[in-house]
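Each chain is listed here by its residues.
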Amino acid sequence: MDISEYILPTPWDSKVFGFDTFEIVSKSEEIFNSVFKVLQPGHYTVKVNPLFSKKILHEYGFYYCDTLIEPYCNRNSFVEYVKAGIQISKLVSIDDLIKISHGAFIHGRFHKDFNLDRNLADLRYDLWLKEIYNSQNVFGLMSDGQIAGFWGCVENKIVLHALSEEYRGRGMAKYFWSAACQEVFSQKYQELTSSISASNISVLNLYSSLGFKFRNPVDVYHILVK
Ligand SMILES: CC(C)(COP(=O)(O)OP(=O)(O)OC[C@H]1O[C@@H](n2cnc3c(N)ncnc32)[C@H](O)[C@@H]1OP(=O)(O)O)[C@@H](O)C(=O)NCCC(=O)NCCS
């Protein structure tokens, strides 16, 4: 067995955290057993179906970090909310977006990993935002012409999204998300998807009010091998 095909490097995370990082991809306990025995120093992620037995992960010292779920919605099920003054715009500066992004993603698995520096976890999301901004995949979420948040979307997958702190917790998100989702549906796409932490209750309720349903849960485990 060539175990390297199950250990995929994640160089974008290595660059941020300063050590080698990988995702181990398999659904088989037998393959996990072979791979886990020979792990070299570095940080490793495993994503498994929640019903998969975690015994082998615990035996090798992996620890739980998060459960991810996939919101999805098709054009016909989408529930639209409209409010005057709420718009999207591509004419936004990356510096303004980073101010909103920095420190916003506390529900991410990197923030929940006690072995990782939270400042570097913040930096990881800032760099990811810069990357999708540079590839023209980010909208600004605007309220009366002021930047209130951002929405990153690659094709029909919503990848990174946040409201600025002053707009959060006011029941406003559904209006911004409506404008952004409608933009994607107005292109060729029939379905929109995302990936969220099941513990992020405000984003879960947000997607629920917009008519999204949820599928493909995965439990995420990490290990830092020194
Ligand atoms: C996720 C985010 C955009 C949601 O925006 P928000 O302004 O906080 O959310 P809202 O106040 O509009 O609330 C959204 C829904 O969740 C509900 N809700 C909000 N906070 C809640 C809480 N703590 N518990 C339960 N329900 C909650 C609200 O009732 C609302 O539903 P409604 O509009 O039907 O009443 C915002 O919190 C944010 O930017 N967070 C940081 C970045 C982030 O987590 N992004 C998502 C990563 S996947």
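Rules and cut-offs
- Residues numbered from 1 in each chain as written.
- Predicted model: local features only at pLDDT ≥ 70, side-chain atom pairs only at ≥ 80, totals over all residues.
- Heavy atoms only, no water.
- Domains from an automatic or database assignment.
- Contact = heavy atoms within 4.5 Å.
- Buried area = accessible area lost by both parts, 1.4 Å probe.
- Salt bridge = Lys/Arg side-chain N within 4 Å of Asp/Glu carboxyl O.
- Polar contact = N/O pair within 3.5 Å; in protein donor to acceptor, adjacent residues only side chain to side chain.
- Helix = DSSP H or I, 4+ residues; strand = E, 2+ residues; numbered from the N terminus.
- Nonpolar A, V, L, I, M, F, W, Y, C, P; charged D, E, K, R; others polar.
- Near = heavy atom within 4 Å.
- Areas by Shrake-Rupley, 256 points an atom, 1.4 Å probe, with all protein chains shown as cover.
- Core = buried A, V, L, I, M, F, W, Y, C linked by side-chain atoms within 4.5 Å.
- Buried < 20%, exposed > 50% of the residue type's maximum accessible area, 1.4 Å probe, protein only.

## As for the domain arrangement of the protein
By the assigned domains, the protein splits into domain 1 (3–67 + 220–225) and domain 2 (72–217). Here domain 1 and domain 2 have C-alpha centroids that lie 27 Å from each other. Listed as interface residues are 17 residues of domain 1 and, on the opposing side, 19 residues of domain 2. Of the roughly 1500 Å² buried at the junction of domain 1 and domain 2 (both faces included), carbon and sulfur atoms supply 63%. For the domain 1 face of the interface with domain 2, the top three residues by lost area are Val16, Phe17 and Asp66, together amounting to 36%. Viewed at the interface, domain 2 and domain 1 are joined by two salt bridges. Put simply, Asp13 and Arg124 hold a salt bridge, and the shortest N to O gap is 2.6 Å. Inspection of the region where domain 1 meets domain 2 yields 10 residue pairs in polar contact (both at pLDDT 80 or more). Counting residues per element, the ones that place at least two in the side of domain 1 that touches domain 2 are helix H1 (11–17), strand E3 (42–48), strand E4 (63–74) and strand E11 (213–225). Of the residues assigned to the side of domain 1 that touches domain 2, the class counts are nine nonpolar, five polar and three charged.

## With respect to the site of the ligand
Around the ligand sit 22 residues, and of these His161, Leu163, Gly169, Gly171 and Lys174 come closest. Contacts to the ligand include Arg168, whose side-chain N or O atom sits 3.4 Å from an oxygen atom. Contact between the ligand and Lys174: an oxygen atom at 2.7 Å from a side-chain N or O atom of the residue. Relative to its free-state accessible area of 930 Å², the ligand is covered by the protein chains to the extent of 70%. Residue assignment for the shell around the ligand shows that the elements contributing at least two residues are strand E8 (157–163), helix H7 (173–185) and helix H8 (201–209). For the shell around the ligand, the element with the most residues is H8, which contributes six residues. Residues of the shell around the ligand, tallied by class, amount to 12 nonpolar, seven polar and three charged.

## Side note on the nonpolar core
In this structure, Trp151, Phe176, Trp177, Leu192 and Phe212 are the most contacted members of the largest nonpolar core, which totals 29 residues. Among the elements that take part in this core, H7 stands out by supplying eight residues, more than any other. Counting residues in hydrophobic clusters, the runner-up holds 21 residues, among them Phe110, Tyr125, Ile132 and Val159.

## Side note on the environment of Cys65
Tracing the sequence through the fold places Cys65 in strand E4. Taking the C-alpha atoms as reference, Cys65 lies 5.5 Å from Tyr221; in sequence the two are 156 residues apart. Apart from the residues within four sequence positions on either side, Cys65 is in contact with Arg109, Lys112, Asp113, Val220, Tyr221 and His222.

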